[in-house]
Amino acid sequence: MRRNARFLLLASLLICAVATAAEGVFVRFRLQKPEASTYYVQLGGYIHKENWYLKHAIIPEGADKKADARVKAGEFTPWFDLKTHAGKDLHGRLKRAGGLAEFPNVTARFVVGRASVPAGRDAGATPTLELEIELATEADEAQIVKRWKTQIEGDQVSFLVSPNLKQDAAELELDSEMTARRLKWAEEATGGQRHAPKNLLLQTQFWAPQRQELNLKEARVLSLLGFNAVGNMPPEVKEKFPEFRAPAASHDVRLDLQASRADVAKVWDKLAQQWKAGFAPGAPVNLQDEICARPPIGSHEGALKEFRAWLAQQKIAPADLGVENLDALQPIENPDVLRERMKTNERAARRIFYYTSRFRQLAATDRIRWNTEELHARFGDKPLSSTLVADHPYFGGTGLGMGMDQQNTTWGGWPLALDWFDIGRRKAVDFIGVEDWMGLQFMYGPNSTWEGFQLMGFQSAIFRSASKGTLPIMAWITPSDERNLRLKAASALCQGATHFFFWCYGPTATSTENYWSDLQSAYPGMAHLSKLLEFGEPVLNGGKLRPTKVALLYSISSDLWQPFGYIHMLDRRGIYLALTHAQYGVDMLTEEDLEAGRLSDYKILYTSDPCISAAAAKGIKEWVEKGGTVVASCAAGSRNEFGEPTDALAGVFGIKPEIKVEMQKCEYRVRGRLNDLKPFDHVELREDPGFDISGLRVDFETVERKDAKGTLIGLFKSNAKPAVAEHLVGQGGSTYIGASIGVSYIKDANFVPNDLAERWPAKHRNLLIWCAGGAAPFVRLSTPAVETGVYENGGKLALVLANFTYKPIEHLNVELPVKGEVSSARSLANGELKHTSAPADGAWKQDGYTHVLRFELPLGHDDLIAIEPK
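Residues numbered from 1 in each chain as written. Predicted model: local features only at pLDDT ≥ 70, side-chain atom pairs only at ≥ 80, totals over all residues. Heavy atoms only, no water.

1. Things to note about the overall build of the protein chain
Scanning the protein chain for helices and strands turns up 23 helices and 38 strands. Taken against the 2.2 N^0.38 rule, which gives 29 Å for 870 residues, the C-alpha radius of gyration of the protein chain at 30 Å falls within 12% of a compact globule. A principal-axis box enclosing the C-alpha atoms of the protein chain has dimensions of 105 × 80 × 75 Å. The buried share of the protein chain, taken over its 870 residues, is 59%. Counting only contacts in the protein chain whose residues sit at least 6 apart along the sequence, the fraction spanning at least 24 positions is 73%. Accessible surface, the protein chain as shown: approximately 33,900 Å² in total, 49% of it carbon and sulfur. (Helix = DSSP H or I, 4+ residues; strand = E, 2+ residues; numbered from the N terminus. Rg over C-alpha atoms; globule rule 2.2 N^0.38 Å. Buried < 20%, exposed > 50% of the residue type's maximum accessible area, 1.4 Å probe, protein only. Contact = heavy atoms within 4.5 Å. Areas by Shrake-Rupley, 256 points an atom, 1.4 Å probe, with all protein chains shown as cover.)

2. Quick notes on the pattern of salt bridges
Working definition: two side chains of opposite charge can pair if their charged atoms are close together. With the rule as written, the count across this model stands at 55 salt bridges. Across the pair Glu-213 and Arg-211 runs a salt bridge, and its minimum N-O distance is 3.2 Å. One continuous salt-bridge network, built from bridges that share partners, spans Arg-261, Asp-269, Arg-369, Glu-373, Glu-374 and Arg-378. (Salt bridge = Lys/Arg side-chain N within 4 Å of Asp/Glu carboxyl O.)

3. Digging into helix α11 (residues 391-398)
For α11, the buried fraction is high: eight of the eight residues fall into the buried class. Within α11 the residues assigned to the buried category are Asp-391, His-392, Pro-393, Tyr-394, Phe-395, Gly-396, Gly-397 and Thr-398. Elements in contact with the buried residues of α11: α12 (420-426), β15 (431-435), α13 (454-467), α16 (556-561) and α17 (567-581). Phi turns positive, to about 55°, at Gly-399, one or two residues after α11.

4. A short note on the sheet that holds strand β8 (residues 144-153)
One open sheet accounts for four strands, arranged β5-β1-β7-β8; its pairing is antiparallel. In the strand order of this sheet, the two ends are held by β5 (80-81) and β8, each with one partner. Alignment of strand β1 (residues 26-33) against β5, held across two bridges, turns out to be antiparallel. Bridge pairing in β5 places Val-27 opposite Phe-80. (Pairing = 2+ DSSP bridges.)

5. Quick notes on the packing of aromatic side chains
Evaluation of the coordinates by the stated rule reveals 38 aromatic pairs. On the basis of an interplanar angle of 80° and a centroid distance of 5.1 Å, the ring pair of Phe-458 and Tyr-576 is categorised as edge-to-face. Residue Phe-458 is located in helix α13, and its partner Tyr-576 is located in helix α17; the two are separated by 118 residues in the primary sequence. The burial state of Phe-458 is the same as that of Tyr-576; both residues are buried. Put simply, the rings of Trp-185, Phe-206, Phe-227, Phe-502, Tyr-505, Trp-516 and Tyr-523 pair up and form one aromatic cluster. If you follow Arg-28 out to its NZ or CZ, it ends over the ring of Phe-76, 3.8 Å from the centre. In this arrangement the basic side chain of Lys-819 is found over the ring face of Tyr-849, its NZ or CZ atom lying 5.5 Å from the centre. (Phe/Tyr/Trp six-rings, centres within 6.5 Å; stacked < 30°, edge-to-face > 60°. Lys NZ or Arg CZ within 6 Å of the ring centre and 35° of its normal.)

6. Section: unusual backbone geometry
In most cases, non-glycine residues show a negative phi, while peptide bonds are predominantly trans. Of note, the amide linkage connecting Lys-33 to Pro-34 takes the cis form, showing an omega dihedral of 10°. By the element assignment, Pro-34 lies in the loop between β1 and β2 (38-46). Following Trp-503, the chain continues into Cys-504 via a peptide bond in cis, with omega recorded as -5°. Looking at the secondary structure, you find Cys-504 in the loop between β17 (497-502) and α15 (522-540). Even without being glycine, Asn-514 reaches a positive phi, approximately 60°. Here Asn-514 shows up in the loop between β17 and α15. Residue classification places Asn-514 among the buried residues on the basis of a relative accessible area of 5%. Of note in this structure, Ala-635 is not a glycine but carries a positive phi near 55°. Looking at the secondary structure, you find Ala-635 in the loop between β22 (629-632) and α20 (650-653). For Ala-635, a relative accessible area of 0% puts it in the buried group.

Given below as structure tokens:
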């Protein structure tokens with residue numbers, strides 16, 4: 001009996017599966033009004049996978065050319081086989097950005113007794129249309145599963161459709177239904193009241209226009225959520241919503257090395273005509289998108305001539321490059337060519353590869369700057385030039401290089417990143433964009449999330465450091481629910497990004513990817529951020545983050561050569577995260593910064609860079625002798641800018657030049673893969689049980705000198721050899737860690753691939769903090785793993801908190817050094833805070849602070865505390 005029941009159940013399921021597979025998708029239309037007219041329908045639409053758009057069709061077929069094929073008002077068109085027409089493009093509901101409304105969206109434009117006009121726009125005095133739309137599983141009235149009757153002011157309507165009509169019928173919506181739902185969400189999230197910053201940008205963009213009546217309602221959604229810059233606005237929105245600035249963008253601007261200054265100017269001559277109406281003050285103008293140093297020099301004579309002239313300007317001897325004169329030099333633009341050329345002259349090939357890469361990066365900055373200058377030459381200071389650097393190739397393997405042993409995981413090939421520091425240092429744009437493909441939900445999962453959302457802050461910190469806090473930063477954030485959105489934004493804000501671009505509103509039905517209009521959980525997050533920016537704007541706008549005495553080296557040489565693959569980049573980020581988790585401010589410095597003497601502003605320098613240029617190494621040595629402290633991990637400084645072994649820093653570290661590096665094999669570029677690694681070794685510290693290390697281990701020996709005595713403070717458990725050593729040099733000193741401590745910190749956090757649930761360990765962080773010595777954190781908190789940013793503006797302060805414990809903190813105790821007494825401390829989330837004050841001492845007093853402000857508050861995802869002086 002049971003066997004028969006199971007058989008019947010399986011047979012029933014099989015029949016259902018066959019029926020579902022055979023289910024068709026047919027559509028027909030009927031125009032009811034205007035009466036006494038004829039019509040036909042132009043069919044199109046949007047999908048959410050390649051090829052992104054539905055094919056066009058005319059219903060009835062040929063009616064656009066033959067008047068007698070058109071349909072009389074009050075009559076239905078013939079049934080149209082949408083499933084056959086669309087084929088594989090007719091997908092089911094996806095979840096690329098939250099799932100809701102991510103069905104294919106069919107657009108139907110009614111051509112009523114008149115000539116065709118551009119799709120999607122009303123044509124003059126278009127009459128009101130009353131119409132019906134029916135969806136059926138067969139070309140049969142008896143098989144209709146969805147029917148809409150609607151009245152529109154315009155000529156185009158759109159509706160969702162599914163290959164499984166019966167199953168999904170209840171979730172299929174008309175465009176007006178989708179718009180009404182979104183407006184309701186915005187009203188619920190904001191209480192019907194707009195909060196928005198005045199000067200800080202909160203930007204998004206429409207994708208494709210709908211009917212005017214719908215466009216105005218969609219604009220109301222964005223206005224309620226606090227946006228003040230909206231791209232791709234149709235005319236009626238520009239007219240009715242003066243609070244929206246109109247940004248612009250061009251992919252036609254020339255950033256490639258094959259473009260001369262004159263070539264760049266020619267493009268702007270055309271753009272000046274296109275944008276002759278001008279710009280509102282503060283309107284952003286984006287120059288291309290996700291920019292890298294591409295295409296390569298190749299055989300282009302102009303680019304080759306410029307490269308060779310640059311080498312001569314740098315006084316690079318032709319003999320060092322293996323040629324008699326620079327006119328004979330050919331560039332090396334990827335690792336495959338490098339490896340081939342190294343077979344005949346390795347020394348020369350290494351130098352050519354390094355100089356080729358650096359020239360491409362610096363010349364690209366020139367072209368970005370040229371475009372900014374051309375913009376202002378034609379439009380004055382009102383518009384602001386902007387561009388966006390690409391994060392996914394960066395975290396997918398390039399760093400600020402191109403990768404060496406593995407091609408890029410996200411873009412493939414060998415894409416050379418730009419020198420982000422050079423862009424910031426030279427202020428090549430009026431403000432810079434950093435982006436987020438770190439979704440961990442919907443479209444982007446573990447392979448694109450890396451170490452989490454604090455990497456929004458990490459990218460921001462690069463540009464803040466490069467420009468000394470003077471280059472405005474915009475954080476581009478992809479669809480995320482409330483928690484993820486708030487954490488990304490708060491991390492970026494902690495590190496200097498005060499402008500935000502939520503890419504892209506859409507709406508979903510008229511977009512292809514990365515839309516957030518139908519992700520309800522994003523609405524309260526955006527409403528919160530607009531309130532936070534409005535609340536903090538008196539300090540954030542024009543304010544700067546407090547200076548820090550802690551620096552982290554960012555050697556582009558290391559990113560170019562990647563002698564240990566991805567490990568040093570991960571170790572660098574791990575150290576950065578550990579310091580921010582302990583509430584230290586971190587400035588990143590390049591080799592050029594060290595050569596220029598910028599280390600004089602800092603007490604401590606951390607480095608995970610195996611490759612450090614000879615000039616930068618000299619700068620480190622001189623700075624340490626004058627009293628600085630350098631902390632090195634990951635075989636830092638063991639190679640020069642050409643990837644060759646060097647002993648330039650061995651004396652500073654108090655070690656013998658000969659070291660041996662061992663590495664564990666792992667896919668270090670993917671979130672959570674470190675979980676599969678077994679501990680490589682264990683570091684035992686003096687009077688401390690120490691911690692496990694993973695990734696890389698350095699076999700080194702310490703030395704003693706007459707003027708400085710080396711001190712061994714840690715051993716590897718496996719062989720009792722040195723693991724951590726201190727060394728005194730002149731008035732300063734060093735700590736050398738024979739492991740990748742940042743990688744180990746990340747590994748022991750035990751990342752969950754598909755969730756934010758890592759728990760950061762204290763042991764590795766404690767050693768790094770101990771090394772900081774006289775450098776003080778921005779603020780002291782009772783709970784670690786809360787990122788902070790302290791803005792100053794005319795005596796006023798704003799403390800930003802981002803909670804990366806991922807759990808509510810009931811009682812967070814805060815100690816903040818201040819210059820003078822405080823009259824009030826007010827939290828966005830908690831209102832006025834009770835506070836006390838005490839005299840500053842120790843490192844804070846040495847840094848010029850007179851008092852320590854103390855208060856307590858509960859912390860959810862984030863908060864901003866505005867502090868007024870007496």
